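A structural walkthrough
Below are the chains, spelled out letter by letter.
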Amino acid sequence: MTNHWVDIKNADVVLIMGGNAAEAHPCGFKWVTEAKAHNKAKLIVVDPRFTRSASVADFYAPIRTGTDIIFLGGVIKYLLDHDKIQHEYVRNYTDFSFIVREDFTFEAGLYSGYNAEKRSYDKASWDYERGDDGFVKTDPTLAHPRTVYQLMKKHYSRYTEDMVERVCGTPRDKFLKVCEMLASTASPNRAATILYALGWTQHSIGSQIIRTGAMVQLLLGNIGIAGGGMNALRGHSNIQGLTDLGLMSNLLPGYMTLPNEPEQDYAKYIETRTQKPLRPNQLSYWQNYNKFHVSLMKAWWGKAATAENNWAFDYLPKLDKLYDMLQVYELMSQGKMNGYIAQGFNPLAAAPHKAKLNDGFAKLKFLVIMDPLVTETSEFWRNAGEANDVDPTKIQTEVFRLPTTCFAEEDGALVNSGRWLQWHWKGAEPPGEAKSDIEIMALIFTRLRKLYQDEGGKFPDPIVNLSWPYGNPQNPTAEELAKEYSGSALVDLVDPKDPTKVTRKGGEQLAGFAELRDDGSTASGCWIFAGAWGPTGNLMARRDNSDPTGIGQTLNWAWAWPANRRILYNRASCDVAGKPFDPRRKLISWTGKIWAGADIPDFKGDENPDGGMGPFIMNPEGVARFFARAGMAEGPFPEHYEPFETPLGYNPLYPKAKGVTSNPAARVFKDDLAAMGTVDKFPYVATTYRLTEHFHYWTKNVRINAILQPEQFVEIGDALAKELGIANGSRVKVSSNRGYIKAVALVTKRLRALTVEGKTVHHVGIPIHWGFVGIAKPGFLTNTLTPFVGDGNSQTPEFKSFLVKVEKA
């Protein structure tokens, strides 16, 4: 979230799209009801289903799943055509006036640089034009045909009201009503927030959907302000912390990245990531990358990381390819992996195409499961009838179950959607022989290290030299790890301007990432968490909810990354002179000497506005981007591509073009691409979702939840049910090109037939929570049906739109 949960109450308009907060995030949804009750906010819900969120909305509009870019692109066109934009904001705080390179093109659904064989782009032309000084060329009049403004206006000129109605199935009057309500927040004294979840991310174009939503918010001036923002609603606690700490194959903690195989030179690795300013007097905070990186290496390898060995750069793996979730299971299915550790993860239920996963797991030599509960993955080898039809005699994989504690049985910090690190304390002792994840990983590591120390091995240095400074090496405490990722001074730090002045004593905790250095004198396991456990102690444990502002800025409740900042980009809440656009919801302002207010300024504290520094200080251009340069897999402007299993069979923007029906740069493998289902055999569009009564795959082990939602069901619109002769409560078989599930039919008016390209399109809704373990009635894993394809940027699987057939069981 750019903002935070409590801040939602400050919105005048709330758009829930790509999510269902009332059902999937019921505690957080109270802030939407606060906005409605006390701020007279209007709630808009755009969703294929009439959800619980829609039931309390002021306005609901249906949409065909997977067409959100058409809808949002239509909103962009509406705002531009009707001049409903926040002019001062857009002119000063975005790249509207920047001129794009002459060799950049877009034609028939493809951007310049596309390689069809590799299904990827050479992105060199996706950039701004530069002057001799290296800075971006601009045209403040916006008349130049290659300004970002002109290119964007041309790009979305195709996204008409007719196109939205024809492709999304959203009635024109409903679409225009949504546009009108959002457009009301172009005024500086009004704010809109967008709340989204997996309904946007779990598509083959998910990242670009989110970008389109952000572009709408930028046009309206709704990024960086109270009551605004792009707010991702995380599915469960610590999903945010997982990405913060770099638990993705190509990430290091704090959203730094691992080197790729060609990056063997340390200096070039750092230079590539140390982005120089693209305009005069811009901060480009990633210029500090080396400080963050060196401090991380010191946290990991301590005295073994020195300037002479480039801070242990050679210890880091160099990626020959992206080892994302889909790649790992692809290699597994090819028999190219020996073993796999699933820690707090149930991939047989949570990853796509269950049959492929079963096949891959069966080819392993060993599979280690770290989980408090029995999971489908730990039981993948068991023949559970139709629900998991496998032959155990043909599976040679040795499965090890390591029972872990759950969150209530351990100390530590959870990071919520709003980036708050909140410390929690152990509520109970774990049962039986369960151990914490920390202890299990420590026991595995210390044994591996001893093997390398005793027996040697090829390049053992990264393991034997790893810093392990804990009181009990076999069971570090949560407190020790929290202090480590927050950061400390390794020696006395002196003021660069006054070498006689010691600013931080050796061994003392650091107050924030501004104290990190690239000379090996500081250590921090995650630079964005620096200061969470500072010189005064554990700030994550604070519980002071006082709010002198009245707008929900409780700065002494826990700690938010970065720097305890609650609303990112908050400098953009003020005009160029530092005066708040909306004094009623003031976050910060320029006092004449410093930036101060209700939040930690996302800006240099003493930077005079007259200097012209832009508010988006992480970007080298200092402003927000409508033109994404080389950052996205598919192109600088989001473009509509159909789901890989499309009910149309073509892209309605390019009905005769080849290679652009679906995302040309998606994460997909050749065999899976050829195995997609087609509408002639699978005529209905399925989408997956969660229920309030269950939490993912855990609560089918809890009796009260199993009573509340005892049996697997699928939702079928009454029109489709009548067409197929299916009665409410009867059993149905739902099939895709990958398998089938059987469940109870819930016939409902919540799923209405849509007219798309002159054809009737029916949606089928499939909750995700059932499987073949637990005390709820056994069911089928929903991902039996889902295709093995993912977003080209995040590699998130396309769970939200695929084709199925429905028949009586």
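Conventions and cut-offs
- Residues numbered from 1 in each chain as written.
- Predicted model: local features only at pLDDT ≥ 70, side-chain atom pairs only at ≥ 80, totals over all residues.
- Heavy atoms only, no water.
- Helix = DSSP H or I, 4+ residues; strand = E, 2+ residues; numbered from the N terminus.
- Rg over C-alpha atoms; globule rule 2.2 N^0.38 Å.
- Contact = heavy atoms within 4.5 Å.
- Areas by Shrake-Rupley, 256 points an atom, 1.4 Å probe, with all protein chains shown as cover.
- Lys, Arg positive; Asp, Glu negative; His and termini not counted.
- Charge placed at Lys NZ, Arg CZ, Asp CG, Glu CD.
- Pairing = 2+ DSSP bridges.
- Axes fitted to C-alpha atoms, helices over the stretch in contact; angles between N-to-C directions.
- Buried < 20%, exposed > 50% of the residue type's maximum accessible area, 1.4 Å probe, protein only.
- Salt bridge = Lys/Arg side-chain N within 4 Å of Asp/Glu carboxyl O.
- Phe/Tyr/Trp six-rings, centres within 6.5 Å; stacked < 30°, edge-to-face > 60°.
- Lys NZ or Arg CZ within 6 Å of the ring centre and 35° of its normal.
- UniProt positions renumbered as here; feature names shortened; annotations may be inferred.
- Arc of directions from axis to C-beta.

Let's talk about the overall build of the protein chain
Helix and strand content of the protein chain: 22 helices and 35 strands. For the protein chain, the C-alpha radius of gyration of 27 Å lies close to 28 Å, the compact-globule estimate for 809 residues. Each principal axis of the C-alpha distribution contributes one length, and for the protein chain these read about 85 × 70 × 55 Å. Put simply, of all contacts in the protein chain between residues at least 6 apart along the chain, 70% involve residues at least 24 apart. Counting only carbon and sulfur atoms, one obtains 53% of the accessible surface of the protein chain, whose full area is about 32600 Å². Across the protein chain, the 92 positively charged side chains and the 90 negatively charged ones have centroids separated by 3 Å.

Points about the sheet that holds strand S30 (residues 739-748)
With mixed pairing, the six strands of this closed barrel are ordered in space as S27-S33-S28-S30-S29-S35. With strand direction ignored, the average angle separating the axes of adjacent strands in the sheet is 45°. Alignment of strand S28 (residues 713-717) against S30, held across five bridges, turns out to be parallel. If you follow Glu-715 over to S30, its bridge partner there is Leu-746.

Let's talk about unusual backbone geometry
Here Trp-561 and Pro-562 are connected by a cis peptide whose omega angle stands at -10°. A positive phi angle, close to 55°, is found at Arg-119, a residue other than glycine. Locating Arg-119 in the fold gives a position in the loop between strand S6 (114-115) and strand S7 (120-121). A relative accessible area of 23% means that Arg-119 is categorised as partly exposed. Of note, Ser-284 is a non-glycine position whose phi angle comes to about 45°, a positive value. Note that Ser-284 resides in the loop between helix H12 (266-273) and helix H13 (289-301). Judged by relative accessible area, Ser-284 falls into the buried class, the value being 0%.

Focus on the sheet that holds strand S1 (residues 13-17)
Hydrogen bonds between backbone atoms are what pair the strands of a sheet, whose relative direction is either parallel or antiparallel. Pairing is parallel in the open sheet, where five strands are placed in the order S3-S2-S1-S8-S9. At either end of the open sheet lies a strand with only one pairing partner, and these are strand S3 (59-61) and strand S9 (230-232). Taken pair by pair, the neighbouring strands of this sheet meet at an average axis angle of 20°, ignoring direction. Taken strand by strand, helix H8 (residues 172-183) contacts S1, strand S2 (42-46) and S3, and its axis lies near 130° from that of S3.

Describing the pattern of salt bridges
Scanning the entire structure with this criterion turns up 40 salt bridges. Here Arg-64 ties to Glu-642 by a salt bridge, and the two come within 2.9 Å at their closest N and O atoms. Residue Arg-64 is found in the loop between S3 and helix H4 (68-81), and its partner Glu-642 is found in the loop between strand S25 (595-597) and strand S26 (667-668); the two are separated by 578 residues along the sequence. Each member of the pair, Arg-64 as well as Glu-642, carries the same accessibility label: buried. Note that Glu-429 and Lys-426 form a salt bridge whose closest N and O atoms lie 3.5 Å from each other. The class of Lys-426 is partly exposed, set by a relative accessible area of 38%.

Focus on the environment of Glu-34
Checked against the element boundaries, Glu-34 lands in helix H2 (residues 30-38). Beyond its immediate chain neighbours, meaning those up to four positions away, Glu-34 contacts Lys-9 and Asn-39.

Observations regarding the packing of aromatic side chains
All chains considered together, the criterion is met by 46 aromatic pairs. With a centroid separation of 5.1 Å and an interplanar angle of 40°, the aromatic rings of Phe-96 and Phe-626 are classed as tilted. Note that Phe-96 is positioned in the loop between helix H5 (87-93) and strand S4 (106-107) and Phe-626 in the loop between S25 and S26, a separation of 530 residues in sequence. As far as burial versus exposure is concerned, Phe-96 and Phe-626 are alike and both buried. Between Tyr-156 and Tyr-159, the aromatic rings sit 5.1 Å apart at their centres with planes inclined by 65°, giving edge-to-face as the arrangement. Of the two residues, Tyr-156 and Tyr-159, both sit in the buried class. Among the aromatic side chains, those forming a connected cluster through ring pairs are Phe-98, Phe-104, Phe-106, Tyr-111, Tyr-114, Tyr-121, Trp-126, Tyr-128, Phe-627 and Phe-637. Above the face of the Phe-313 ring, Lys-318 is positioned so that its terminal group lies 4.5 Å from the ring centre. Against the face of Trp-557 rests Arg-543, its NZ or CZ located 5.3 Å from the ring centre.

Observations concerning the UniProt feature "domain: Molybdopterin dinucleotide-binding" (unreviewed entry) in the protein chain
Following the UniProt record, one finds the feature "domain: Molybdopterin dinucleotide-binding" (unreviewed entry) at residues 685-802. As annotated, residues 685-802 comprises 11% helix and 34% strand, and the C-alpha atoms at either end are separated by 6 Å.

Remarks on helix H19 (residues 478-486)
Of all the positions in H19, only Ala-478, Ala-482, Tyr-485 and Ser-486 are classed as buried. The buried side chains of H19 occupy one side of the element, clustering within an arc of 100° when seen end-on. At its buried positions, H19 is contacted by strand S15 (412-415), strand S16 (420-424), helix H17 (437-455) and strand S21 (533-534). Count one or two residues on from H19 and you reach Gly-487, which has phi positive near 115°.

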